[in-house]
Amino acid sequence: PLSIADPLPTAGRNTGYSYGSDGSGRYLLHNGLDMADEADNLAVAVADGTVIVARGDQEEMFGWRCDWYGELVVIRLDESWADQPVYALYGHIKDVQVSEGQRVERGEPVAREGTAGVAVVPHLHLEVRVGSNTFGATRNPLLWIEPWSGGGIIAGRLLDPDGRAWEGVTVTLIDRNGPAEFLNTWTYLDDPDHLIRPEPALAENFVFGPVAAGNYDVYTSIQGVEYRVPVEVVDGQINTVEIVTEPFRTPTPQPTATP
Ligand SMILES: [Zn+2]
């Protein structure tokens, strides 16, 4: 991926609704990264580019349906990736500072997080789209935003022995450096339109980050078997980890009692 700037560096990330998850069945499939900043700061341009969308989507479909993002901005970045155009989308925003056709530089104010469209609490929904400015062309923004200093990203694969990705499985990151702290995420869900796209070079199906540099274990439990694999996180890097599980077992039907 390109290295893009963090649009809201002081904001917290909603880790309960990660890219490729459905928030444990509560929401529709998530194709972006949610960040919320109590300070109500202005989100900034992630890179130099041109604003190609700065309007409401009440009459036009950009997401799952009309009025999904409410107000949105899309910047087409000057830099391309693997000969493909790259777009950054800002959704659920207010106080938009840019207009269509305008050039922006990395770090320039774009808009404030808001509750426009389908958003209950104020937050910024950021998407990275590669190849085309469409809903099905997203990638995991955590792999594109440069990690803060003192931290790195973990891109993981949770696969069966045939190389098939496990979907919607809880994966836990356990810190081996200090007190027993942990983080959870979920492996990517697929859908008929394949809206969730791993990076071709990484083929990841879960991501943690950024986390402080150091030694961690990635843990998961599938069909009663526990897996725990170490991973070292290096500053400013995407660190990879792979877990290959036992084969999928079709659950054995339990004999039912005869009345
Ligand atoms: Zn979102």
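Model, not experiment: these values are computed from the prediction. (Residues numbered from 1 in each chain as written. Predicted model: local features only at pLDDT ≥ 70, side-chain atom pairs only at ≥ 80, totals over all residues. Heavy atoms only, no water.)

**Here's the deal with the side chain of His-123**
As for its position among the elements, His-123 is in the loop between strand E9 (109-113) and strand E10 (124-130). Within the structure, the side chain of His-123 is placed 3.0 Å from the backbone oxygen of Val-121, a separation counted as a polar contact. (Helix = DSSP H or I, 4+ residues; strand = E, 2+ residues; numbered from the N terminus. Polar contact = N/O pair within 3.5 Å; in protein donor to acceptor, adjacent residues only side chain to side chain.)

**Digging into unusual backbone geometry**
Following Gly-209, the chain continues into Pro-210 via a peptide bond in cis, with omega recorded as -10°. With respect to the helices and strands, Pro-210 occurs in strand E15 (residues 206-212). In the Ramachandran plot, Asp-40 falls in the positive-phi region, its phi being about 60° despite a non-glycine side chain. Its place among the elements puts Asp-40 in the loop between strand E2 (33-36) and strand E3 (42-44). For Asp-67, which is not glycine, the phi torsion reads 60° and is therefore positive.

**Things to note about the pattern of salt bridges**
The final tally for this structure, using the stated rule, is 14 salt bridges. With a closest N to O distance of 2.9 Å, Arg-103 and Asp-78 form a salt bridge. Within this pair, whereas Arg-103 is found in strand E8 (residues 103-104), its partner Asp-78 is found in the loop between strand E5 (71-77) and strand E6 (86-91), the two being separated by 25 residues in sequence. Overall, Arg-103 belongs to the partly exposed group, its relative accessible area being 46%. Under the relative-accessibility criterion, Asp-78 is labelled partly exposed at 46%. (Salt bridge = Lys/Arg side-chain N within 4 Å of Asp/Glu carboxyl O. Buried < 20%, exposed > 50% of the residue type's maximum accessible area, 1.4 Å probe, protein only.)

**Quick look at the environment of Leu-173**
Take Leu-173: it is sitting in strand E13 (residues 170-175). Along the backbone, Leu-173 and Tyr-219 are 46 residues apart, and their C-alpha atoms lie at a distance of 6.3 Å. Dropping the residues within four chain positions of it, Leu-173 is found in contact with Ile-154, Glu-181, Phe-182, Leu-183, Phe-208, Val-211, Tyr-216, Asp-217, Val-218 and Val-231. (Contact = heavy atoms within 4.5 Å.)

**Some thoughts on the side chain of Thr-50**
Summarising the element assignment, Thr-50 is placed in strand E4 (residues 49-56). Note on Thr-50: relative accessible area 18%, which makes it buried.

**Focus on the sheet that holds strand E18 (residues 238-244)**
The pairing of strands in a sheet happens through backbone hydrogen bonds and is either parallel or antiparallel. With mixed pairing, the three strands of this open sheet are ordered in space as E15-E12-E18. Sheet topology places E15 and E18 at the edges, where each strand pairs with a single neighbour. Along the sheet, successive strands turn relative to each other by an average axial angle of 25°, direction set aside. In this sheet, E18 lies alongside strand E12 (residues 151-159) in parallel orientation, the contact comprising seven bridges. For Ile-154, the partnering residue across the bridge sits in E18 and is Asn-239. (Pairing = 2+ DSSP bridges. Axes fitted to C-alpha atoms, helices over the stretch in contact; angles between N-to-C directions.)

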